[in-house]
Each structure stands twice: as structure tokens, then as C-alpha cells.
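# Inside the fold
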Amino acid sequence: MARKAFEQELQDLGKGLRELGGMVEEALVASVDALKRRDLEKARQIIDGDREVNERRFAIERQTFVVIATQQPMAVDLRTLAAVLEIATELERIGDYAKGIARITLKMGIDPFVKPLIDIPRMAEKARSMLHRALEAFFERDVELARAIPAEDDEMDALYQQIFRDLTAYIIADPQLVDRSSYLIWVAHNLERAADRVVNICERVIFMVTGEIVELDFRP
């Protein structure tokens, strides 16, 4: 009976984590879409919505501590609960990056872009896809998937470096473009950091399932 109650509590935590993940995925892509369309109202909504992301994260944290205190889990169960705590934290931080992009959108207002937004939306979709699959790796306890996803972070790094070089060249050619170029560099940086958080989630999934501590950094 105690085991059945524990498994139900784990299911409840998983449901909350899945909902939080969906909110963060949506915010990440929506923040870049708002930037691209110069939708200042949508940007404000994303900023306001971050409060709920924070509340959901802390609710999961409180619920997890209650389970730990009342069920006294051991071994893989304890690692699962630790993973829930860690992943909820990573999701909240990715939500912060989406909020940061929305704030940049408000700062830029309706000023024209120094170059068309092509690579930044690609980064946003790539980060969303990586995050979605990392969460699936958690729910399915899929170690192979968790090991595979971080290799894709190299593509995110390459896109960021390309954006940084292109926009730096614009600044050098015309110093008056420094603000508008710097804003876009910061957007790309936020997306690159979001992908780094996904790598952290993958590492936590591997530890949860195997007890193995790994660092999935494929950069030389």
C-alpha cells in the first residue's frame, strides 16, 4: 500500500514537471516569435507569465520535499526525486531566458533589425526540440536518448558564434548600430544558454537511471 501511494505521488510530480516543461517550451519559442513580429504585447505577456513558471517550479519543489520526508525513499527512487528537483530548477532558468528575450523585445521596440532574423529562430526551435526530447528521456528513462541530445549543442554553439561574428561586423562597420546589434547578440546568447541547461537535464537523467555521474560536454 505504501509503495502504491509513493508511485502515485511520483506520477503527480511527473505530471507537474511535464506541464512546467510545456510552458517553458512555449515561452522560449514565443519569445523569439514576438521579437520577430515586433509584438510588444506578446512580449509583456511572456514576462508576466514567468511568474506562473516560478510558482510551478516552487510547487514541485515543495511537493518533492514532502515526498522525501514522508516516504524516506532509497536508491533509484531518491535519485528520481533529486532529478525532479534539478530539472524543475533548470526549467525555471530556461523560462528566465525566454523572459530575458521578451525584455529585449521591449527595449528594441519597433526599431528595424540590422539583419533579417534567420539563425535566431532556428536556434529557438532547436533549443525547444532539444528540451522536449530531454524531458521525454526523463519520463521514459531513456539513457541513450539522454546521451545523444547533448551532441546537438555543438550546432547551437556554431549558430551563436555565426550570429556573434555577423553582428560584430555590423558594429565595426557602423558604431551607431551597437545597441541594436548587441540586443540580438544577447538574444542568441540566451538561446545558447538554454541549450546548455538542456545538457544539464540529460546528465541528470543518466544519473537518475544509472547512478553514473557524467559531463556531456562535446566541445574540445
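From a predicted model like this one, the values you see are computed outputs, not experimental measurements. One numbering rule holds for all chains: residues counted from 1, following each sequence as written. Owing to the predicted nature of the model, reporting of local features is limited to residues with pLDDT of at least 70; listing and counting of side-chain atom pairs is limited to 80 or more, with chain, interface and lining totals taken over all residues. Water and hydrogen atoms play no part in the side-chain values, which are based on all heavy atoms of the structure.

### Here we look at the overall build of the protein
Note the following rule: Secondary structure follows DSSP: runs of H or I at least 4 residues long count as helices, runs of E at least 2 residues long count as strands, and numbering of each begins at the N terminus. Here the globule rule reads 2.2 Å times residues to the power 0.38, and the radius of gyration is calculated from C-alpha atoms.
For the protein, the helix and strand inventory stands at seven helices and zero strands. Listed N to C, the secondary structure of the protein is α-α-α-α-α-α-α in terms of helices and strands. Taking 220 residues into account, the globule formula puts the C-alpha radius of gyration at 17 Å, and the protein, at 19 Å, falls close to it. Principal-axis analysis of the C-alpha atoms gives the protein an extent of 70 × 40 × 20 Å.

### Here we look at the nonpolar core
Short version of the rule: For our purposes a nonpolar core is just a set of buried Ala, Val, Leu, Ile, Met, Phe, Trp, Tyr and Cys residues, chained together by side-chain atoms within 4.5 Å. Per-residue accessibility, obtained with a 1.4 Å probe over protein chains only, is compared with the maximum for each type, and a residue is labelled buried under 20%, exposed over 50%, and partly exposed between these values. Residues are treated as being in contact if the distance between any of their heavy atoms lies within 4.5 Å.
With 64 residues, the main nonpolar core has Ile120, Phe138 and Leu191 as its most contacted residues. Top contributing element to this core by residue count: helix H7 (residues 178-210), with 14 residues. When near neighbours in sequence (up to four residues on either side) are disregarded, Phe138 contacts Leu17, Ala83, Val84, Ile87, Val205 and Met208.

### As for the packing of helix H3 (residues 75-108) against H7
This is how it is decided: The angle between two axes is taken between their N-to-C directions and runs from 0 to 180 degrees, where each axis is a line fitted to C-alpha atoms and a helix contributes only its stretch in contact. Roughly parallel means an angle under 35 degrees; roughly antiparallel, over 145; roughly perpendicular, 65 to 115; everything else is oblique. Any residue that is not Ala, Val, Leu, Ile, Met, Phe, Trp, Tyr, Cys, Pro, Asp, Glu, Lys or Arg is counted as polar, Gly included; the first ten are nonpolar and the last four charged.
Look at H3 against H7: their axes get within 9 Å of each other, and the N-to-C directions meet at 175°. Here H3 lies roughly antiparallel to H7, going by the angle between them. In terms of residue class, the contact of H3 with H7 is made up of 20 nonpolar, five polar and nine charged.

### A closer look at the side chain of Asp119
Among the secondary structure elements, Asp119 is positioned in helix H4 (residues 119-140). Leave out the neighbours within four places in its chain, and Asp119 touches Leu159, Gln162 and Ile163.

### Observations concerning the pattern of salt bridges
To keep things clear, this is the line we draw: Take a side-chain nitrogen of Lys or Arg and a carboxyl oxygen of Asp or Glu: if they are within 4 Å of each other, that pair is a salt bridge.
Counted by the stated rule, this structure contains 21 salt bridges. The partner of Arg57 in a salt bridge is Glu92, and the shortest N-O contact between them spans 3.5 Å. With Arg57 in helix H2 (residues 40-71) and Glu92 in helix H3, this residue pair connects regions lying 35 residues apart in the sequence. Just as Arg57 is buried, Glu92 falls in that class too. Bridged by salt links that share partners, the residues Lys126, Arg133, Glu152 and Glu155 form one connected network.

### Points about empty space enclosed by the protein
Heads up, the condition is: Residues are called lining when one of their atoms sits within 4 Å of a cavity or pocket point, these points coming from a 1 Å grid over the protein atoms alone, where a cavity is a set in which a 1.4 Å probe fits but cannot get out and a pocket is an open set with protein on both sides within 12 Å along at least five of seven lines. Grid points are joined across faces, edges and corners, and a volume is the space filled by probe spheres set on the points.
For the coordinates displayed, the defined rule picks out one cavity of 30 Å³ or more. Residue lining of the largest cavity: Lys115, Pro116, Leu117, Ile118, Asp119, Ile120, Ile163, Leu167 and Leu184, and that is the complete set. At the level of elements, H4 and helix H6 (153-173) are the ones that each hand at least two residues to the lining of the largest cavity. Of the residues belonging to the lining of the largest cavity, the class tally is seven nonpolar, no polar and two charged.

### A look at H2
Let me state the cut-off plainly: Helix span, as expected, comes to 1.5 Å for every residue beyond the first.
Look at H2: 47 Å from first C-alpha to last across 32 residues, which is about the 46 Å you get at 1.5 Å a residue. For H2, every residue scored as buried is listed here: Ala43, Ile46, Ile47, Asp50, Val53, Arg57, Ile60, Thr64 and Val67. Looking one or two residues beyond H2, the residue adopting positive phi is Gln72, at roughly 50°.

### Here we look at the packing of aromatic side chains
So the rule is basically this: Aromatic contacts are taken between Phe, Tyr and Trp rings whose centres are within 6.5 Å, Trp giving its six-membered ring; a plane angle under 30 degrees counts as stacked, one over 60 as edge-to-face, and the others as tilted.
Following the criterion strictly, the structure yields two aromatic pairs and no others. Look at Phe138 and Phe139: their rings are 5.1 Å apart centre to centre, the planes differ by 70°, and that puts the pair in the edge-to-face class. Owing to a relative accessible area of 18%, Phe139 belongs among the buried residues under this scheme. Measuring from centroid to centroid gives 6.2 Å for Tyr160 and Phe164, while their planes differ by 45°, and the two rings are tilted. A residue pair is termed a helical-turn pair when its members lie 3 or 4 positions apart in one helix, as Tyr160 and Phe164 do in helix H6 at four residues. What makes Tyr160 buried here is its relative accessible area of 13%. In this structure Phe164 comes out as partly exposed when scored by relative accessible area, which is 36%.

### Details of unusual backbone geometry
The backbone phi angle of Arg38 is positive, close to 55°, even though this residue is not glycine. Tracing the backbone shows Arg38 in the loop between helix H1 (2-37) and H2. Of the residues examined, Arg38 reaches a relative accessible area of 18% and is grouped as buried. With a phi angle near 50°, Ala75 is a residue other than glycine that sits in the positive phi range.

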